[in-house]
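Summary of structural features
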Amino acid sequence: MELVIAEKPSVAQSIAAVLGATQRKDGYLEGNEYLVSWCVGHLVELAQPESYEEAWKKWSYESLPIIPQEWQHEVKSDTKAQYQILKKLMHDDRVDAVVCATDAGREGELIFRLTYNMAGCRKPMKRLWISSMEESAIRDGFHNLRPGSDYDNLYHSALCRQEADWLVGMNGSRLFSVRYGGKLNIGRVQTPTLAMIVQRDAEVNGFVKQKYYTADLNCGAFTLSSARIDDEKSADALVSACYGSTVTISSVKREVKTDKAPKLYDLTTLQREANKAFGYTAQQTLDYTQSLYEGKLVTYPRTDSRYLSDDMLQTALEVTKLCDSYFGFGISHTPDIKKVINSKVSGHHAIIPTNSIVTADLSSLPTGEKNILTLIAAKLICATAPAHKYEAVKLTGICNGTEFTATGRTVLDMGWKRFIRQTDKEKPDEKALPAVSEGQTFTVAASKGEHFTSPPKPYTEDTLLSAMERAGNEDYDDDTEKKGLGTPATRAATIESLVKNGYVERDGKQLRATDRGKELIKVVPNEVKSAKLTAEWESKLQQIEHGELPEAVFMSGIQHFIADMCRKYGSVD
């Protein structure tokens, strides 16, 4: 008999239904030679400092650095009952092997392994690795169970992430709280993210807008404009010199251009576009998408890939056609699935709808889930549609010895933009220019255009997620596997934590640092708020996952960082 452990009760029920484990028991389901149970998120966590040494209970310089020689774990008090059920099942004589069926990612691996190890289980471990909760995907997954050892590196990466976060959080929070006499929350990803928000707010608040001018020539059906002029008198002089004069078209440049179809959604891009379209927070989008995943309507959400794997070509074609008929896009082209296939996809592929949408009642879905599913379907339709083609035109005219220009575009083929839903709120395209030829002349009315430089905009969840994704990546080439601040799975929780701790507040769609947040960033040193350093750590966690870096090397570096920080800031100057 096999014991299958899922991450949540709802997922366990879906798996149990496929396996035929239909008898309900206390905390698990049974039947057909399977026991199916579940965790409730993390059941086991790292022990608190005082569990190691009494001296570590006190927040003082003397107790720092807190670096355990041997890590200890403890069962979370609020989920102890479910842990005891799992422990009992693992040691049940009927159970020959345990199947890890938690989410197929770094955190899912950690949730299972900590529980398995804490329970002292030594039975063979297998891994279910699926990207969809559809019945066919679950069946295929159980036909292709992998040895648990295949995912040891993923577990080591997850453990290093957890231990690094603990070391930075415990030591940093205590060190700077004692140093500045107030409770401060320091986080490996949270503090650099807060620093970016504080910096952007300072740029917004410190911005002084500058006025500049253009001389504009009205040619009837179009307007030619000069380059930027900073001095108003110079602008007035040019307008006067050109008023009632003749402008001669010196150049007409026409160029056919294409806008390639967009890539599919990874989680971060979906969160960004849902924030732009509906104002959803990153956490709301993750929750809606997770619910759709558990409802078998979309594939696994916590992905950082925007492509599909080689073996998905036929499936993706079927799903694209289903999306077309189900959502009424009305496509007349043959979807080009090869554009969204990448042979390098090794982990989770991009988020797309599943075949199960054909039987779903869209009208019964909650609004949030319906909106997210529609976005995901539209992205698949757009990504496999032809390119958008247009003719870009640039006119250059000479008047009074000065160059004036106008640009426009004429759409030749709408391509994928035909399927953009209104929620995308695309900026209107430039207008088409009339047919004009070189040497043509126009008598013009000249006027002065007044313009202002634009201030930087406060972060929204859309722009902050983008900044977190790109943070610290400028030093890497495009082929490097880079992760920025946090991962797609954790960025939403980081933002929520900053709000919950009172360091950031939401103002409509905007995210602004509070006075408390600004004070924290003012007092902590660069090492703690460096996006570059945190992004480097994230990159190293990826290397551990791929078996390219021993975890001991990474943890040694983190421990040295913590010891140096405590030595450097362990007294008030």
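Residues numbered from 1 in each chain as written. Predicted model: local features only at pLDDT ≥ 70, side-chain atom pairs only at ≥ 80, totals over all residues. Heavy atoms only, no water.

Further remarks concern the overall build of the chain. Each helix and strand in the chain was counted, giving 17 helices and 18 strands. The principal-axis extent of the C-alpha atoms belonging to the chain is close to 95 × 70 × 40 Å. Long-range contacts, defined here as pairs at least 24 residues apart, represent 77% of the contacts in the chain between residues at least 6 apart. Carbon and sulfur atoms form 47% of the exposed surface of the chain, whose accessible area is close to 26500 Å². (Helix = DSSP H or I, 4+ residues; strand = E, 2+ residues; numbered from the N terminus. Contact = heavy atoms within 4.5 Å. Areas by Shrake-Rupley, 256 points an atom, 1.4 Å probe, with all protein chains shown as cover.)

Attention now goes to helix 2 (residues 80–90). Residues of helix 2 that are buried include every one of Gln82, Tyr83, Ile85, Leu86, Leu89 and Met90, and no others. Angularly, the buried residues of helix 2 cover 160° about the axis, an arc narrow enough to put them on a single face. More than 90 degrees from the buried face of helix 2, the exposed residues found are Ala81 and Lys88. Where helix 2 is buried, its residues touch strand 1 (2–6), strand 3 (28–31), strand 4 (34–38), strand 5 (44–46), strand 6 (73–75) and helix 3 (106–118). (Buried < 20%, exposed > 50% of the residue type's maximum accessible area, 1.4 Å probe, protein only. Arc of directions from axis to C-beta.)

Right, let's talk about the nonpolar core for a bit. Soluble globular proteins tend to pack their nonpolar side chains together in the buried interior. By size, the foremost hydrophobic cluster in this structure holds 62 residues, and its most contacted members are Val4, Ile15, Phe142 and Leu308. With 10 residues, helix 11 (residues 367–383) is the largest single contributor of residues to this core. Those residues in contact with Leu308 that sit more than four places away from it in its chain are Leu264, Ala316, Val340, Ile341, Asn342, Val345, His349, Ala350 and Ile352. Tyr459, Ala467, Phe554 and Met565 belong to the second-largest nonpolar core, a separate cluster that totals 55 residues. (Core = buried A, V, L, I, M, F, W, Y, C linked by side-chain atoms within 4.5 Å.)

Every second residue of strand 3 is oriented toward a common face, with Tyr28 and Glu30 on one face and Leu29 and Gly31 on the other, all of them buried. As defined by bridge partners, strand 2 (residues 23–25) adjoins strand 3 across 3 bridges and the pair is classed as antiparallel. Note that in strand 3 the partner of Arg24 across the bridge is Leu29. Between strand 2 and strand 3, which follow one another and run antiparallel, lie 2 residues, and Gly27 among them has a positive phi close to 85°. Where strand 3 lies against strand 4, 4 bridges are found, and the strand directions are antiparallel. Paired with Glu30 across the strands is Leu35, a residue of strand 4. (Pairing = 2+ DSSP bridges.)

All right, on to the packing of aromatic side chains then. According to the stated counting rule, one finds 14 aromatic pairs in the structure shown. On the numbers, 5.2 Å between centres and 85° between planes, the contact of Trp71 with Trp166 is edge-to-face. In this pair, Trp71 is assigned in the loop between strand 5 and strand 6 and Trp166 in helix 5 (residues 152–180), connecting sequence segments 95 residues apart. The class of Trp166 is buried, set by a relative accessible area of 8%. (Phe/Tyr/Trp six-rings, centres within 6.5 Å; stacked < 30°, edge-to-face > 60°.)

Counting buried residues along strand 1, 5 of its 5 residues qualify, which places the element largely inside the surrounding structure. Neither face of strand 1 is exposed, since Glu2, Val4 and Ala6 on one face and Leu3 and Ile5 on the opposite face are all buried. As paired elements, strand 1 and strand 7 (residues 97–101) share 5 bridges and run parallel to each other. Within the sheet, the bridge partner assigned to Val4 lies in strand 7 and is Val99. Taken together, the 5 bridges between strand 1 and strand 4 define a ladder with parallel strand orientation. Among the inter-strand pairings, Ala6 is bridged to a residue of strand 4, identified as Trp38.

Looking now at the pattern of salt bridges. Per the stated rule, a full pass over the model turns up 33 salt bridges. Close ionic contact of Glu461 with Arg506 constitutes a salt bridge, the shortest N to O distance being 2.6 Å. Of the two residues, Glu461 is situated in helix 12 (residues 461–470) and Arg506 in strand 17 (residues 504–507); the sequence distance between them amounts to 45 residues. On the basis of relative accessibility, which here comes to 2%, the residue Glu461 falls in the buried class. Taking the shortest distance from any N to any O, the salt bridge between Glu527 and Lys568 comes out at 3.1 Å. Of the two residues, Glu527 sits in helix 15 (residues 526–529) while Lys568 sits in helix 17 (residues 551–569), which places them 41 residues apart along the sequence. Looking at Glu527, the relative accessible area reads 25%, which means it is partly exposed. Counted as one network, the salt bridges with shared partners bring together Arg106, Glu107, Arg161, Asp165, Arg188 and Glu538. (Salt bridge = Lys/Arg side-chain N within 4 Å of Asp/Glu carboxyl O.)

Let us look at the packing of helix 16 (residues 531–545) against helix 17. For the pair helix 16 and helix 17, the least separation of the axes is 10 Å and the interaxial angle reads 160°. If you check the angle between helix 16 and helix 17, you find them roughly antiparallel. Our pair here, helix 16 against helix 17, has a crossing hand that is left-handed. Where helix 16 approaches helix 17, its residues Leu533, Trp537, Lys540, Leu541 and Ile544 are matched on the opposing element by Glu551, Phe554, Ile558 and Phe561. Looking at the contact of helix 16 with helix 17 residue by residue, the class counts come to 7 nonpolar, no polar and 2 charged. (Axes fitted to C-alpha atoms, helices over the stretch in contact; angles between N-to-C directions. Parallel < 35°, antiparallel > 145°, perpendicular 65-115°, else oblique. Left-handed = near helix turned anticlockwise from the far one by under 90°. Nonpolar A, V, L, I, M, F, W, Y, C, P; charged D, E, K, R; others polar.)

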